[in-house]
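# Fold and contact review
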Amino acid sequence: MKLIPLGDKVVIKQMEAEEKTKSGIVLPSQSKEKPQMATVIAVGNGDAVDGKKIEMVVKAGDKVIYSKYSGTEVECDGEKLLVVKQGDILAIVED
C-alpha cells in the first residue's frame, strides 16, 4: 500500500529513539522519549491559500525536525507513519 498525501500534507517516518545516552547509560524502553526527527516518505502537491499556491519545500528522503504534538499517526504495511502539515515541519537537517 502507498500513501499519497494531499495538499500541503507530508508523510514522515519517525527515527528510532536512542538506546543509550551520550555518556553510555542504557535507557529502559519506557523512559525513551519519542524523537522529533523523521525522514520524509511522501509529499503532497501543495495547496492554495487566498489564491496563492503554497510551494512544497520538503521532498522525499529529507531528514526533518517537526513540532512535538503535530500530525496524525497512521499504520501502513505494519509501519507507523505520521501525516503532518508542511507548516509543522520546523527544519530540514542537512548532513
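Just above, that's the structure.
What this report covers is the structure whose coordinates are included nearby. (Residues numbered from 1 in each chain as written. Predicted model: local features only at pLDDT ≥ 70, side-chain atom pairs only at ≥ 80, totals over all residues. Heavy atoms only, no water.)

## Considering the overall build of the protein
In plain terms, the rule: Here a strand is any run of E in DSSP of at least two residues, a helix any run of H or I of at least four, and the numbering for each starts at the N terminus. Relative accessible area decides the class of each residue, using a 1.4 Å probe on protein chains only: under 20% of the type maximum gives buried, over 50% gives exposed, and in between gives partly exposed. Only heavy atoms matter for contacts: two residues are in contact if any of them lie within 4.5 Å across the pair. Note on areas: Shrake-Rupley, 1.4 Å probe, and residue coverage restricted to the protein chains presented here.
When you go through the protein residue by residue, the secondary structure sums to 0 helices and 8 strands. Helices and strands appear in the protein in the N-to-C order β-β-β-β-β-β-β-β. Counting across all 95 residues of the protein, residues that qualify as buried make up 24%. Sequence separation of at least 24 residues holds for 63% of the intrachain contacts in the protein that already meet a minimum separation of 6. Carbon and sulfur atoms form 53% of the exposed surface of the protein, whose accessible area is close to 6900 Å².

## Here's the deal with the environment of S67
Relative to the elements of secondary structure, S67 occurs in the loop between β5 (63-66) and β6 (72-76). In this structure, the C-alpha to C-alpha distance between S67 and V84, residues 17 residues apart in sequence, is 9.2 Å. Excluding residues that lie within four positions of it along the chain, S67 makes contacts with Q36, D88 and L90.

## Comments concerning the pattern of salt bridges
Operational definition: Any carboxyl oxygen of Asp or Glu within 4 Å of a side-chain nitrogen of Lys or Arg constitutes a salt bridge here.
What the rule picks out here adds up to 3 salt bridges. Between K9 and D8 there is a salt bridge; the shortest N-O distance is 3.5 Å. The partner of E79 in a salt bridge is K13, and the shortest N-O contact between them spans 2.7 Å. Pair noted here: E79 is in strand β7 (residues 79-85) and K13 is in strand β1 (residues 9-14), with a separation of 66 residues, a long-range link. Assessed through its relative accessible area of 36%, E79 is described here as partly exposed.

## Here's the deal with the sheet that holds strand β2 (residues 37-43)
To be explicit about the condition: At least two bridges found by DSSP between two strands are what make those strands a pair. Note on method: axes are straight lines fitted to C-alpha atoms, helices fitted across the in-contact stretch only, with angles between N-to-C directions ranging 0 to 180 degrees.
As summarised here, the arrangement of the 6 strands in space is β6-β7-β1-β2-β5-β8, forming an open sheet in which the pairing is antiparallel. A single partner strand is all that each edge strand has here, and the edge strands are β6 and β8 (89-93). Between one strand axis and the next, the sheet turns through 45 degrees on average, direction left out of account. Relative to β5, β2 runs antiparallel, the two sharing 3 bridges. Across the sheet, A38 pairs through a bridge with V64, a residue of β5.

## A short note on the side chain of D8
For the record, the criterion: Nitrogen and oxygen atoms within 3.5 Å of one another constitute a polar contact, given that in protein one can donate a hydrogen and the other can accept it, and given that sequence-neighbouring residues count only through two side-chain atoms.
You can see D8 is positioned in the segment before β1. A polar side-chain atom of D8 sits 3.5 Å from a polar atom in the side chain of K9. Excluding its chain neighbours within four sequence positions, the residues that come into contact with D8 are G46, D47, M56, V84, K85 and Q86.

## Considering the side chain of S70
Its place among the elements puts S70 in the loop between β5 and β6. The exposure class assigned to S70 is buried, which follows from its relative accessible area of 10%. Of the polar contacts made by the side chain of S70, one reaches the backbone oxygen of S67; its length is 2.8 Å. Residues contacting S70, with those up to four places away along its chain left out, are L82, V84 and D88.

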